[in-house]
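# A look at the structure
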Amino acid sequence: MRDANGGGEPPPPHSEPSGAGMPPAEFPHLRQAGRIGSLDLPHRLMMGSMHLGLEGPGADVDRLCRFYTDRVAGGAALIVTGGIAVSPEGAGEGGAYFHFGRGKDEDALERIAAAVRRAGGRVAAQLFHAGRYARSAEIGAQPVAPSAVASRLNPRDPPRALGADELPALAERFAAAAARARDLGFHAVELMGSEGYLLNEFLAPATNRREDGWGGSAEGRRRFPVLVARRTVEAAGPGCPVLYRISGADLVEGGTPWEDTLAFAAALEDAGIAALDVGIGWHEAPVPTVGMLVPRAAFAAVAARLRAAARVPVIAANRINTPEVAERVIASGAADFVSAARPFLADPAFARKALEGRAHRINVCVACNQACLDRVLGRPPRPASCLVNPAAGREAAFEPARAATPRRVAVVGGGPAGLECARVLGARGHDVTLFEGEGALGGQLRHAMRVPGKGEFAETLRYFTAELAALGVRVELRARPEPAELRAWDAVVLASGVRPRVPAETELPGVGLPHVAAYPDVFAGRVAVGERVAIIGGGGVACDLAHFLTESGPASPEALAFLTEYGVLPPDGALRALGARRQVTLMRRGERIAPLLGLTTRWALLGTLRRRGVRMLTGVRYLGVTGGGVRVVVEDREELVPADTVVLACGQEPRDELRADLEGTVPLRVIGGARAAGELDAARAIAEGAEAGLAVG
Ligand code: SF4
């Protein structure tokens, strides 16, 4: 059954030359060899499961093979595939899932396993059943669950309760899928039992209300997932270890109690599970679990609690995005392995660079979710990619082929679009100079870095700086080349970004008053901001600004944590004190604040702003700015929004003056904000940078 030679996949590419000399003794715990069941692993960094939105009936298998083999070349010790449905009604959100038992899908899976094997990697198939998270419109049937309890995510699509007589047969579906995965060439399988999917739903009192022996008590609630685990282990056999993605914390009301989780973990071990891969939080949990607001490795403590009692290796996940953090997790004894998923989207060579002494060149996942989860979970769903690595999922199309004729290329603008463009041009062997008008690279990234929870963008800037230096790209700061100068280049890429839109006096009377400032000046600290702030605009930038302005209270976060721990401040008081310094009002003409923010992050950011007392007004008509604030009409009532400082965050305009001077005189490409301003969108800017870098002949 296994095709050791695969079938037509492209050869595994190597994004970096190998043999970088003797690796330094960095990350001693990460580089230790490990073992999961019968599977020997060369080190402790695994790639966790990600649904890419490329799977399913219309799958581009070459593209998937290339995606996975790039991560093999990038050093992942073990790769876990995106979820593969064990039965038709178990397919996940969006419907674009592979199914066991569907011939074409199994052919694709066999090719993927063969490609990974040929590249020298190890791959586990994730066995998946979405339970009540499935959507009837996508699976063509009513979703199933332990009990007929609808999810908050699709309340109008309630599941039907599985019949007691259906459960042993469903367990056999998992078992058969494991045997099939093994026969298709997978090294291991993982049972998806967290994030609120079917197996997880059986454990939680909120979703398992059965009284028939498959619920009713902790033992009854775990009976089905334990049966699934036992039958899967038996069917997979001794040469194919079974990992279990266990929910360490459901983070929903009526979720699995901790003592039930511990007892369940022990029962899984008795059933022969080879490793516990710890997931955190259901998709409907009101607690951020993977976004930027989550501190790095915040949930490693949950893995540590499980590991204290575990007899098999424990794998920690969630916001472990650098090798330094992963090393600390392993060294602290919190886990035996680290599973990083999005970090391998952001940089396929995440593990390899870490272990070869090139951690400073890792393109770090900034946990924005913008180009991965928000796309896959969006309606309609779109394939996953990555904000900082637009090549993710499109590796062949974004291959930086060596230029046949190296050219002298000027890139004007050192924001995200210009940085990525210069990097790609440099990687292709062009002679590149990057001109930046300010005294530092980064452009809008520098604003973003100042926003609480967005400090990860400093990593993006560090990555680009390291790459440009390694590729020999010249960087000229405080440089604003004249058109005549630029015409001497073989090609010019204009990536000069945006400037804030400033309404005319006729549109917003009083806009020229001295206490009115544009958002970049506030982010950069160029203006003094008063205690009461009115923000004109309610998009993503305005929300970031409100977050930024309510962070800088009188005490540091460390001081607040200390004061809260010792009861000097009550827990709620800590947040109030944090934002106490400023009273901020966001105003928007439209009906929704930040409508373009991502599905997975908008709710968390708006929740934070609400807790900080930020007032949010929608449907606003502006009458004008006065010395005391902004006069507006809201719901047919006129009011003065009091403000010492009024900040304009009501859009951007392209900064593209050079365009008219250069067009027709030199090969020119205009990208990013300079091409089209709008909501700041680093994903678009970086992708356009990459495309322009590839397009220069
Ligand atoms: Fe990470 Fe954002 Fe890329 Fe997703 S899109 S992998 S969260 S950097």
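Whatever comes next refers back to the structure up there.
Residues numbered from 1 in each chain as written. Predicted model: local features only at pLDDT ≥ 70, side-chain atom pairs only at ≥ 80, totals over all residues. Heavy atoms only, no water.

Let us look at the sheet that holds strand E14 (residues 408-412). The strand order across the open sheet built from 5 strands is E16-E15-E14-E17-E28, with neighbouring strands paired in parallel fashion. Sheet topology places strand E16 (474-476) and strand E28 (668-670) at the edges, where each strand pairs with a single neighbour. On average, each strand axis in the sheet is tilted by 15° relative to the strand beside it, whichever way the strands run. Pairing of strand E17 (residues 491-494) with E28 involves 3 bridges; the strand directions are parallel. Bridging from a neighbouring strand, valine 493 pairs with arginine 669 of E28. In this fold helix H13 (residues 416-427) packs onto E14, strand E15 (431-435) and E17, with an angle of close to 165° to the strand it touches most, E15. (Pairing = 2+ DSSP bridges. Helix = DSSP H or I, 4+ residues; strand = E, 2+ residues; numbered from the N terminus. Axes fitted to C-alpha atoms, helices over the stretch in contact; angles between N-to-C directions. Contact = heavy atoms within 4.5 Å.)

Formed by 138 residues in total, the largest nonpolar core has its most connected members in Leu191 and Phe224. For this core, the element with the highest residue contribution is helix H4 (residues 167-184), accounting for 8 residues. Shared between two domains, this core takes at least three residues from each, and those domains are domain 1 (24-358) and domain 2 (408-499 + 653-695). Filtering out sequence-adjacent residues up to four positions away, leucine 191 remains in contact with Leu127, Phe174, Leu199, Val228, Ala229, Thr232, Val242, Leu243, Tyr244, Arg245 and Ile273. (Core = buried A, V, L, I, M, F, W, Y, C linked by side-chain atoms within 4.5 Å. Buried < 20%, exposed > 50% of the residue type's maximum accessible area, 1.4 Å probe, protein only. Domains from an automatic or database assignment.)

This next bit is on a negative patch on the surface. A contiguous patch of negative charge on the surface is contributed by Glu476, Glu482, Glu485 and Asp661. Counting through the fold element by element, glutamate 482 comes out in the loop between E16 and helix H16 (483-486). (Patch = residues over 30% accessible without salt bridge, like charges linked within 9 Å, V, L, I, M, F, W, Y side chains within 5 Å. Areas by Shrake-Rupley, 256 points an atom, 1.4 Å probe, with all protein chains shown as cover. Salt bridge = Lys/Arg side-chain N within 4 Å of Asp/Glu carboxyl O. Lys, Arg positive; Asp, Glu negative; His and termini not counted. Charge placed at Lys NZ, Arg CZ, Asp CG, Glu CD.)

Two residues of an α-helix separated by three or four positions point the same way, owing to the 3.6 residues in each turn. Along its 12 residues, helix H18 (residues 540-551) runs 17 Å from first to last C-alpha, staying within 8% of the 16 Å computed at 1.5 Å per residue. For H18, the tally of buried residues reaches 11 of 12 residues, placing the bulk of the element in the interior. (Expected span 1.5 Å × (residues − 1).)

The subject of this paragraph is the packing of aromatic side chains. Between two aromatic rings, the relevant description is the distance of the centres plus the angle of the planes. Counted by the stated rule, this structure contains 12 aromatic pairs. On the basis of an interplanar angle of 80° and a centroid distance of 5.3 Å, the ring pair of phenylalanine 67 and tyrosine 68 is categorised as edge-to-face. Classification of phenylalanine 67 as buried rests on a relative accessible area of 1%. Note on tyrosine 68: relative accessible area 4%, which makes it buried. Ring geometry for phenylalanine 202 versus phenylalanine 224: centroids 4.6 Å apart, planes at 40°, classification tilted. A residue pair is termed long-range when its members are at least 10 positions apart, and phenylalanine 202 in helix H5 (residues 198-203) and phenylalanine 224 in helix H6 (residues 218-236) qualify at 22 residues. (Phe/Tyr/Trp six-rings, centres within 6.5 Å; stacked < 30°, edge-to-face > 60°.)

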